[in-house]
Amino acid sequence: MAVVIGVRFKEVGKVYYFDPDGQELKKGDAVIVETARGIECGEVAMENREVSDESIVQPLKKLLRLATEEDKKHVAENKLHEKTAFDICNRKIAAHKLEMKLVDVEYTFDNSKILFYFTADGRVDFRELVKDLAGVFRTRIELRQIGVRDEAKMLGGLGICGRPFCCSSFLGGFQPVSIKMAKEQNLSLNPVKISGTCGRLMCCLKYEQASYLDMLRTTPRVGTVVTTPAGKGTVVEQNLLRATVTVQMEKNPDATPQVFSVKEVRPVRGEAPKGKKVEANSTESDRKS
């Protein structure tokens, strides 16, 4: 076990472990640490705590010092320089006629490097652009191509739910999201309804997936023959959120199907699911539209 602090370098970014070097730090403290990119100023996101050695990426670097007022002033000045660098880079991109979109600019704390983040449909030959920018800023230049999800995280905005993007408000990193999750949650497979502003599947599909998988294990699927308090029948519809199933009764197949709680029905062993699968309850399907 080792005592560490968690430091974040962006407002909503990944948390990295550092050795507090015997100091007791509080959440929100500004600190100066050494990273792979050089000396950086970050914010304490996790106070002193013990973690297992397996969860630490070695070597664990030590805290250099608490950020002084001078350090904080320097960070603020860098923010102003970033806006200027953004405008200059955009003009250079237009001059070189490159098919790329500049998203963000970031100065390292010690001004040893400037990072330019951009998106593009394919590979871009930006070698001449780098030379041009290096001649203007007289420091190391790095152009980094990012994806549309990273762009949404950097720029922020409002999702179709009306709330700020999850990625730009609290998600430290992206998790895999698949169309299978939308199917298992009985959502509309209309890309417009299950895609975020970035054009990729919504991150929130991941949040409830474990609960849906648990409910699917205990809910008879469509076509399953079950016994109910009213007799034997076949499941024609599921409502996972309400924990109910709609059953077409065997004794009166032309009557309106009846709704039962999942606890009231029992699958009939030895009888395979039959019949054509019926679309899931429309109310549940559209709940994230």
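Scroll up for the structure.
### Notes on helix α1 (residues 69-96)
Here α1 contains 28 residues, and its C-alpha end-to-end distance of 40 Å stays within 8% of the 40 Å for a straight helix at 1.5 Å per residue. The set of residues buried in α1 consists of Asp71, Asn78, Glu82, Ala85, Ile88, Cys89 and Ile93. On the buried face of α1, the contacting elements are β3 (30-35), β5 (63-66), β6 (101-107), β7 (113-119) and α2 (127-137). Just downstream of α1 lies lysine 97, where phi reads positive at about 55°.

### Concerning the state of the cysteines
In the structure shown here, the tally under the stated rule is 0 disulfides. Cysteine 167 provides the cysteine sulfur closest to cysteine 203, a residue in no disulfide bond, and the two sulfurs are 5.9 Å apart. A residue is classified by how much of its surface remains accessible, and cysteine 203, at 17% relative accessible area, is buried.

### Here we look at the sheet that holds β7
Spatial strand order, β6-β7-β8: 3 strands in an open sheet with mixed pairing. At either margin of the open sheet sits one strand with a lone partner, and together these are β6 and β8 (140-145). In this sheet, adjacent strand axes meet at a mean angle of 20° when their direction is disregarded. Examined bridge by bridge, β7 and β8 share 6 bridges and lie parallel to one another. Looking across to β8, one finds that phenylalanine 118 is bridged to glutamine 145.

### Re the environment of lysine 83
On the secondary structure map, lysine 83 appears in helix α1. When the C-alpha atoms of lysine 83 and valine 192 are compared, they prove to be 34 Å apart, with 109 residues separating the residues in sequence.

About the criteria used
Sequence order sets the numbering: in each chain, residues are counted from 1 along the sequence as written. Whole-chain, interface and lining totals are the exception, using all residues; otherwise, since this is a predicted model, local features are given only for residues with pLDDT of at least 70 and side-chain atom pairs are given and counted only at 80 or more. Side-chain metrics rest on all non-hydrogen atoms present in the structure, leaving aside hydrogens and water. Helix and strand assignments follow DSSP, with helices taken as H or I runs no shorter than four residues and strands as E runs no shorter than two, numbered in order from the N terminus. To estimate how far a helix should extend, the number of its residues minus one is multiplied by 1.5 Å. Between buried and exposed lies partly exposed: a residue is buried under 20% and exposed over 50% of the maximum accessible area for its type, with that area taken using a 1.4 Å probe on protein chains only. Any two residues whose heavy atoms approach within 4.5 Å at even a single point are treated as in contact. Note on disulfides: each one is a pair of cysteine sulfur atoms within 2.5 Å. Here, any two strands with at least 2 DSSP bridges between them count as paired. Axis definition: a line fit to C-alpha positions, over the contact stretch in the case of helices; interaxial angles, taken between N-to-C directions, run 0 to 180 degrees.

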